[in-house]
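The residues making up each chain are set out below.
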Amino acid sequence: EFTRAIIQDLSIGRSPIVLIDRFRVHCKLVRVDFIEKENLSCCSSVLPNGKEILTLQRENHVHRLSVLLRVLLIVQQLLQENRHGSKRDIYYMHPSVFSEQSVVDWAINDICILMQCSRHNLNVVSVGNGLVMGWIRFLEGGRKFDCINHPNTAYPIPVQVEEVQDIISVADYILVVEKESVFERLVNDQFCNTNCCIVITGRGYPDIPTRRWKLSLLFYNVSHHIAIYVTYLFVFMYLFGISVNICICTNRFLRLLIEKLCLPTYCLVDCDPYGFDILTTYRFGSMQMAYDAKQLRCPEVCWLGVFPSDSEKYCLPQQCFLPLTAEDKKKAEAMLNRCYLQREVPRWRLELELMLQKGVKFEIEALSVHSLSFLSKEYITSKIQGGVHI
């Protein structure tokens, strides 16, 4: 309907109007009692939060629509040839037109919303940077990942998560760590030799393949229809003189493991606003891809640490702390207003408030002040065994 409406408008000399739904993973209602008093419904990433109107009558929209159509044509080629490309690949096909990577990212998000699909349905993949180790074995595209035989060896998380199958595991839990440096600490301490678990890192903010589960969709049918829709847009491209020379892993994987293995999942991040934001991205999804949050979020994730309150519990000395910057405080205060912190994880919110109250932050590695292996031999194991997580 979208493409047909554009062509129909053009055929009668009328400027097309493109409506793009907008989504969010949280609202900014500050007080729970206010929400209850006003009988307000919970915000939902499943339903759109208004619409954005694009029209050829606005100059900045003309360029955005041009970019959108160019990316659509590239997507069509990927689907027709059953090939995959990264967002970076797409950018370099028309760098002078796209000007910067974020322009392509925005267009891909718009296309996913218009086509009501996820990025991997477009054959657009992320460049995977996540790592996994531990008591798990699986296949991906004919390739065998046998972590069980070498539980302390890091393997790259597959980019094509939808092709992962035959998952076998004897693990007791899944541990997600924020940073590669912490992951390497666990590798060096042979953590998985004494702990029957699966360890995952997205090396910071999780990439999409690390964040997404296999969809219960018929991939071919979705891709086939998208290819047909894009074909109609060749007319639009032609009429406006646009050249048709055509020379989307950690959360998806984590979500897949949780769904298939039904294991408790814990997340370990730095005690700072950015670590906290990464934690919420795993559990609730990201604002950038709010339209697909239902498929990206992992609500089973529990926060293992490090907590602001851990600084006193584990007697960390003052030299382990850094003062919160103005940017840190601004970010933390903004996160306090996220509705899901009040409704779903109020204890997370209390810890974030404590961070602001103390005015300091510290890294996971600060626990090494006790001993180099304190994190792997004491902190993680005692917290999981004692149920000290929120």
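What you see is a predicted model, and the numbers here were worked out from it, not measured in a lab. (Residues numbered from 1 in each chain as written. Predicted model: local features only at pLDDT ≥ 70, side-chain atom pairs only at ≥ 80, totals over all residues. Heavy atoms only, no water.)

Participant: Would you mind going over the overall build of the chain in detail, with residue names and values included?
Facilitator: From N to C terminus, the chain includes 18 helices and 15 strands. Across the 390 residues in the chain, those meeting the buried criterion constitute 55%. Entry remark: accessible area of the chain is about 18100 Å², with carbon and sulfur atoms responsible for 52%. (Helix = DSSP H or I, 4+ residues; strand = E, 2+ residues; numbered from the N terminus. Buried < 20%, exposed > 50% of the residue type's maximum accessible area, 1.4 Å probe, protein only. Areas by Shrake-Rupley, 256 points an atom, 1.4 Å probe, with all protein chains shown as cover.)

Participant: How would you explain the packing of aromatic side chains if you had to name every residue and give the values?
Facilitator: Applying the stated criterion across every chain yields a total of 14 aromatic pairs. Where Trp-303 meets Trp-348, the ring centres are 5.9 Å apart and the plane angle is 75°; that geometry is what we call edge-to-face. Here Trp-303 is found in strand β13 (residues 301-305), whereas its partner Trp-348 is found in helix α17 (residues 346-358), with 45 residues between them in sequence. In terms of burial, Trp-303 and Trp-348 fall into one category: buried. What links up through ring pairs into an aromatic cluster is the set Phe-276, Phe-284, Trp-303, Phe-307, Tyr-340 and Trp-348. Of note, Lys-383 hangs over the ring of Phe-307, and the distance from its end group to the ring centre comes to 3.6 Å. (Phe/Tyr/Trp six-rings, centres within 6.5 Å; stacked < 30°, edge-to-face > 60°. Lys NZ or Arg CZ within 6 Å of the ring centre and 35° of its normal.)

Participant: With reference to specific residues and values, describe the sheet that holds strand β10 (residues 173-177).
Facilitator: On the basis of which strands lie adjacent, the open sheet formed by six strands has the order β8-β5-β11-β10-β12-β13 and mixed pairing. The two strands at the open ends of the sheet, each matched to only one other strand, are β8 (155-156) and β13. Both β10 and strand β12 (residues 265-268) contribute to a ladder of four bridges, which runs parallel. Following the sheet pairing, Val-177 is matched in β12 by Leu-268. Helix-sheet contacts for helix α7 (residues 180-188) involve β5 (131-134), β10, β11 (197-201) and β12, and the interaxial angle to β5 is about 20°. (Pairing = 2+ DSSP bridges. Contact = heavy atoms within 4.5 Å. Axes fitted to C-alpha atoms, helices over the stretch in contact; angles between N-to-C directions.)

Participant: Lay out the pattern of salt bridges with the relevant residues and their values.
Facilitator: Pairs may arise between side chains of opposite charge once their charged atoms sit close together. Summed over the entire model, instances satisfying the criterion amount to 14 salt bridges. For Lys-331, the salt bridge identified is with Asp-277, shortest N-O distance 3.1 Å. With Lys-331 in helix α15 (residues 326-336) and Asp-277 in helix α12 (residues 273-284), this pair connects stretches of sequence that are 54 residues apart. Since its relative accessible area comes to 19%, Lys-331 is described here as buried. Residues joined by salt bridges that share partners form a network here, namely Lys-179, Asp-270, Glu-363 and Glu-365. (Salt bridge = Lys/Arg side-chain N within 4 Å of Asp/Glu carboxyl O.)

Participant: Describe in detail unusual backbone geometry, supporting the description with residues and values.
Facilitator: With the exception of glycine, most residues fall at negative phi, and the peptide bonds are largely trans. Following Gly-305, the chain continues to Val-306 via a peptide bond in cis, the omega torsion being -5°. Of note, Asp-166 is a non-glycine position whose phi angle comes to about 50°, a positive value. Secondary-structure assignment places Asp-166 in strand β9 (residues 164-169). With a phi angle near 55°, Gln-190 is a residue other than glycine that sits in the positive phi range. When you line up the elements, Gln-190 lands in the loop between α7 and α8 (191-194).

Participant: Describe in detail the packing of α15 against α17, supporting the description with residues and values.
Facilitator: Relative orientation of the contacting elements α15 and α17 amounts to 155°, with a least axis distance of 10 Å. The pairing of α15 with α17 is recorded here as roughly antiparallel in orientation. Along this stretch, α15 crosses α17, giving a crossing that reads as left-handed. Contact residues: α15 offers Lys-329, Ala-332, Glu-333, Met-335 and Leu-336, while α17 offers Arg-349, Leu-352, Glu-353 and Leu-356. In the contact of α15 with α17, the residues fall into five nonpolar, no polar and four charged. (Parallel < 35°, antiparallel > 145°, perpendicular 65-115°, else oblique. Left-handed = near helix turned anticlockwise from the far one by under 90°. Nonpolar A, V, L, I, M, F, W, Y, C, P; charged D, E, K, R; others polar.)

Participant: Please provide a residue-by-residue account of the confidence of the model for the chain, values included.
Facilitator: Within the chain, residue pLDDT values average 78, and 77% of them lie at 70 or more. This stretch, residues 29-42, has a pLDDT under 50; its non-local contacts, to residues over four places away or in other chains, come to 17 contacts. Across residues 211-248 the pLDDT falls below 50, and counting only partners more than four positions away or on other chains, this stretch makes 109 contacts in the model. (pLDDT = per-residue confidence, 0-100.)

Participant: Explain the nonpolar core to me, using residue names and the numbers behind them.
Facilitator: Most often, soluble globular proteins keep nonpolar side chains buried together rather than apart. Core analysis: the biggest nonpolar cluster contains 75 residues, and Leu-175, Ile-198, Val-199, Leu-268 and Ile-380 have the highest contact counts within it. A per-element tally of this core places helix α11 (residues 250-261) first, with six residues. What Leu-268 contacts, discounting residues up to four positions off in sequence, is Leu-175, Val-176, Val-177, Glu-178, Val-182, Gly-305, Val-306, Ile-364, Leu-375, Tyr-379 and Ile-380. Ranked by size, the runner-up nonpolar core spans 30 residues in total, among them Leu-56, Ile-74, Val-75 and Met-115. (Core = buried A, V, L, I, M, F, W, Y, C linked by side-chain atoms within 4.5 Å.)

Participant: Tell me about the sheet that holds β9, residues and numbers included.
Facilitator: Within the open sheet, the three strands sit side by side as β7-β6-β9. Their pairing is antiparallel. Here the strands that pair on one side only, and so sit at the sheet edges, are β7 (143-146) and β9. Neighbour-to-neighbour, the strand axes of the sheet open up by a mean angle of 10°, direction not taken into account. Relative to β7, strand β6 (residues 136-140) runs antiparallel, the two sharing four bridges. The residue of β7 that forms the bridge with Arg-137 is Asp-146. Running over the sheet, α11 touches β6 and β9 and is turned about 60° from β9.

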